[in-house]
Amino acid sequence: MGCWRSYAGDERLSSSSLTVSIGIFAVLWLLWAIKKQKKVAVPPLPPGPRGLPIVGYLPFIGTELHTKFEQLGGIYGPIYKVWLANKLCIVISSPSLVKEVVRDQDAIFSNRDVNRATLAVTYGGVDIAFSPNGHDWKMLRKIFVREMLSPSNLDSTFALRREEVRIAIRNVYDKTGTPVDVGELVFVTVMNAIMNMLWGGTLQGEEGAKFGAEFKTMFSNLMLIVGKPNVSDLFPTLANFDLQGIAREAKEISKNVDQVLDYVIDKAIKSLAKAKEEGKTMTRQKDFLQVLLEIREQNTGADSISMIQLKAVLFDVVIAGSDTTTTTSEWVMARLMKHSEVMRKVQEELIEIVGMDKLVEESHLPKLRYLDAVIKETFRLHPPLPFLIPRSPSKSSIIGGYHVPKGSNIFVNAWAIQRDPKYWENPLEFKPERFLNDGCGTLDFSGNNFKYIPFGSGRRICAGLTLGDRTLKYILASILHSFEWKLPQGSEIDISDTFGIITKKKSPTVAIPTPRLSKLELYT
Ligand code: HEM
């Protein structure tokens with residue numbers, strides 16, 4: 001009996017262990033099947049050109065990435081991939097796909113892919129433009145927008161911009177009848193206005209002469225080198241050789257800029273300390289550097305700003321603000337001299353709104369609707385950042401039905417979209433009227449209409465948009481209102497460009513000014 005019981009017990013035991021084993025097997029099989037199904041369900045990478053082993057498409061990409069990427073879009077469609085060595089670049093060139101990246105999946109696509117040259121000049125990518133989407137980026141961007149660019153701060157710093165624009169008008173007047181390099185003129189004016197807002201200094205005088213002239217060339221070179229494919233990024237084992245000399249040049253630029261920043265920061269710290277010692281409170285408006293130094297002193301813990309971050313933010317503003325505005329001004333002036341009918345309409349509007357016996361003030365700007373349309377049309381054909389600042393997804397995702405892996409490099413091809421006949425009538429024609437007749441006013445810089453995104457879109461949209469827009473319009477309105485501009489005899493307007501993270505006119509815009517206002521004292 002006992003034996004039988006034990007036998008029956010054994011039998012029950014073995015049948016229940018059989019059931020458990022079958023159960024485990026079934027669960028494992030199910031998990032395997034689900035995993036397999038999931039694997040099968042991962043969509044493919046976007047299509048794209050074939051490259052060579054190891055180097056990928058690198059030997060065929062050339063230096064003019066914006067035109068090359070537009071051509072490839074014509075072959076492979078609005079989303080395609082390009083392998084540059086082992087770096088996967090995904091290029092997007094339709095408004096609906098841009099929306100997927102910068103609106104629907106904005107949080108995932110808000111990191112940057114920071115290359116070596118950029119790391120060298122942004123103190124390791126701790127600035128606003130290249131910090132990853134996270135606490136520090138949010139904090140720095142918030143401080144910048146609140147303390148430097150709030151509408152009340154912009155209004156209260158108008159006097160600084162006005163002073164610089166008046167100096168520019170006087171300088172141009174002194175060059176009446178002789179060729180003026182528009183880029184140089186605007187660069188110095190913008191740099192002075194920005195530096196005045198940042199730390200109350202300018203490029204005038206002894207210090208200015210020291211730093212001023214070489215800055216423009218230095219910044220232009222910087223924009224070219226940070227935008228171009230660098231062999232050291234693509235083949236890290238070759239980085240020590242720095243085959244294109246990019247690291248050397250980037251380090252040189254960052255050393256020069258660092259010296260300037262050390263100088264102005266030291267001066268500001270000393271003047272704050274002196275004011276404290278003497279028990280004085282500031283009566284004039286604080287500049288941005290003073291605000292940053294105070295925040296640095298007051299905030300500890302998570303909201304503290306390191307000296308390196310402080311420098312990186314100052315550098316961001318100087319670079320981002322000066323080069324974009326200068327390049328766009330050169331394009332606007334070139335376009336106006338090429339299209340005399342448009343120039344005539346701009347100047348007629350200026351006579352009507354400002355008059356011939358006054359200089360332009362910022363209060364006139366909202367009424368200059370035709371000039372606004374000219375600037376918008378220029379941004380459409382010549383966006384200074386043709387791919388915005390490339391993004392990088394923080395996790396793998398799906399765009400347009402294709403797999404976009406974590407860490408890939410996303411190029412939003414604003415340049416191609418803004419010239420695409422699918423979205424623009426006669427896209428290569430320079431026609432400002434299209435921005436006057438857009439009916440519902442949706443073609444602004446806010447990044448909500450994805451066929452027109454010169455300032456980007458989503459949480460990474462340009463942080464300096466309001467200042468950039470105002471400064472550009474104010475300088476252009478002023479020089480167009482105060483002078484007639486003609487091409488030097490025998491020269492022609494060249495509208496070819498050269499690629500960089502900021503894409504520029506190939507040749508400078510040079511023109512001869514003649515005063516056009518009724519009173520001489522307006523120029524002196
Ligand atoms: C005037 C012409 C300007 C144009 C066309 C322009 C365009 C852009 C674009 C396309 C981006 C990248 C947006 C994206 O990734 O979606 C950007 C970012 C940025 N811009 Fe501008 N910009 C201009 C002026 C300025 C000025 C005047 C400043 C500062 C004073 C400035 C500061 C910045 C900063 C800090 C970022 C990085 C934003 C971030 O990553 O959060 N920009 N700009």
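Calculation criteria
- Residues numbered from 1 in each chain as written.
- Predicted model: local features only at pLDDT ≥ 70, side-chain atom pairs only at ≥ 80, totals over all residues.
- Heavy atoms only, no water.
- Near = heavy atom within 4 Å.
- Polar contact = N/O pair within 3.5 Å; in protein donor to acceptor, adjacent residues only side chain to side chain.
- 1 Å grid on protein atoms, 1.4 Å probe; cavity = no way out; pocket = protein on both sides within 12 Å on 5 of 7 lines; lining within 4 Å.
- Sits in = over half its atoms within 2 Å of the grid points.
- Helix = DSSP H or I, 4+ residues; strand = E, 2+ residues; numbered from the N terminus.
- Nonpolar A, V, L, I, M, F, W, Y, C, P; charged D, E, K, R; others polar.
- Donors = N, O, S within 2.8 Å, 3.2 Å for Na, K, Ca; no water.
- Pairing = 2+ DSSP bridges.
- Contact = heavy atoms within 4.5 Å.
- Axes fitted to C-alpha atoms, helices over the stretch in contact; angles between N-to-C directions.
- UniProt positions renumbered as here; feature names shortened; annotations may be inferred.
- Buried < 20%, exposed > 50% of the residue type's maximum accessible area, 1.4 Å probe, protein only.
- Core = buried A, V, L, I, M, F, W, Y, C linked by side-chain atoms within 4.5 Å.
- Phe/Tyr/Trp six-rings, centres within 6.5 Å; stacked < 30°, edge-to-face > 60°.
- Lys NZ or Arg CZ within 6 Å of the ring centre and 35° of its normal.

Caption draft 1: Fine view of the site of the ligand. Surrounding the ligand, one finds 28 residues, the nearest of these being Arg112, Trp137, Arg141, Arg391 and Cys462. Contact between the ligand and Arg141: an oxygen atom at 2.8 Å from a side-chain N or O atom of the residue. Backbone polar atom of Ser457 to an oxygen atom of the ligand: 3.3 Å apart, as the coordinates give it. Because more than half of its atoms lie within 2 Å of the grid, the ligand is assigned to the largest cavity. For the shell around the ligand, the element with the highest residue contribution is helix α14 (residues 307-338), accounting for five residues. Across the shell around the ligand, the residue classes break down as 17 nonpolar, seven polar and four charged.

Caption draft 2: Spotlight on the coordination of the iron atom of the ligand. Exactly one protein atom donates to the iron atom of the ligand; that atom is Cys462 (SG), 2.3 Å from the metal. For Cys462, the position within the fold is in the loop between α17 (414-417) and α18 (465-482).

Caption draft 3: Representation of the sheet that holds strand β4 (residues 180-181). Strand order in this open sheet of three strands is β4-β12-β9, and the pairing throughout is antiparallel. Each edge of the open sheet is held by one strand with a lone partner, namely β4 and β9 (483-486). By the bridge criterion, two bridges tie β4 to strand β12 (residues 510-515) in an arrangement that is antiparallel. Residue pairing across strands places Val180 opposite Ala511, the latter belonging to β12. Across the face of the sheet, helix α8 (residues 158-174) comes into contact with β9 and β12 while running at roughly 55° to β9. α18 rests against β9 and β12 of the sheet, and its axis sits at about 90° to β9.

Caption draft 4: Broad picture of the UniProt feature "binding site: heme" (unreviewed entry) in the protein chain. As recorded in UniProt, the sites labelled "binding site: heme" (unreviewed entry) are Cys462. For Cys462, a relative accessible area of 31% translates into the label partly exposed. Filtering out sequence-adjacent residues up to four positions away, Cys462 remains in contact with Arg141 and Phe455.

Caption draft 5: Focus on the pairing of strand β8 (residues 409-412). A two-sided burial pattern is seen for β8, the buried positions comprising Asn409 and Phe411 on one face and Ile410 and Val412 on the other. With four bridges connecting them, strand β2 (residues 87-92) and β8 associate as parallel partners. Bridging from a neighbouring strand, Cys89 pairs with Asn409 of β8.

Caption draft 6: Here's a closer look at the nonpolar core. The biggest cluster of nonpolar side chains holds 111 residues, and the ones touching the most others in it are Leu314, Leu480 and Trp485. Counting residues per element, this core draws most heavily on α14, at 12 residues. Excluding residues that lie within four positions of it along the chain, Leu480 makes contacts with Met333, Leu336, Met343, Val346, Gln347, Leu350, Leu371, Trp485 and Arg516. Judged by nonpolar contacts, the second largest core, of 19 residues, contains Ile90, Ile399, Val412 and Ala414.

Caption draft 7: View of the environment of Ala41. For Ala41, the location among the structural elements is in helix α1 (residues 2-41). Once the C-alpha coordinates of Ala41 and Phe387 are considered, the two residues, 346 residues apart in sequence, prove to be 31 Å apart.

Caption draft 8: Layout of helix α13 (residues 288-298). Within the span of α13, buried status applies to Phe288, Leu289, Gln290, Val291, Leu292, Leu293 and Ile295. Among the structural elements, α6 (135-148), α9 (182-199), α12 (246-277) and α14 are those in contact with the buried residues of α13.

Caption draft 9: Quick peek at the packing of aromatic side chains. Here the structure, examined in full by the defined rule, presents 19 aromatic pairs. Taking the centre distance of 6.4 Å and the plane angle of 80° together, the rings of Phe69 and Tyr80 count as edge-to-face. Residue Phe69 is found in helix α3 (residues 65-76), and its partner Tyr80 is found in strand β1 (residues 79-84); the two are separated by 11 residues along the sequence. The exposure class assigned to Phe69 is buried, which follows from its relative accessible area of 1%. Classification of Tyr80 by relative accessible area gives buried; the value is 0%. Every member of this aromatic cluster is reached through a ring pair, and the members are Phe69, Tyr76, Tyr80, Phe387, Phe411 and Phe499. Lying over the aromatic face of Phe445, Lys376 brings its terminal NZ or CZ to 5.7 Å of the ring centre.

Caption draft 10: Local environment of unusual backbone geometry. Residues other than glycine seldom take positive phi values, yet Leu388 does so here, at roughly 55°. Note on placement: Leu388 falls in the loop between α16 (369-381) and β5 (391-392). Classification of Leu388 as buried rests on a relative accessible area of 8%. Phi is positive for Asn426, which is not a glycine, with a value near 40°. Inspection of the secondary structure puts Asn426 in the loop between α17 and α18.

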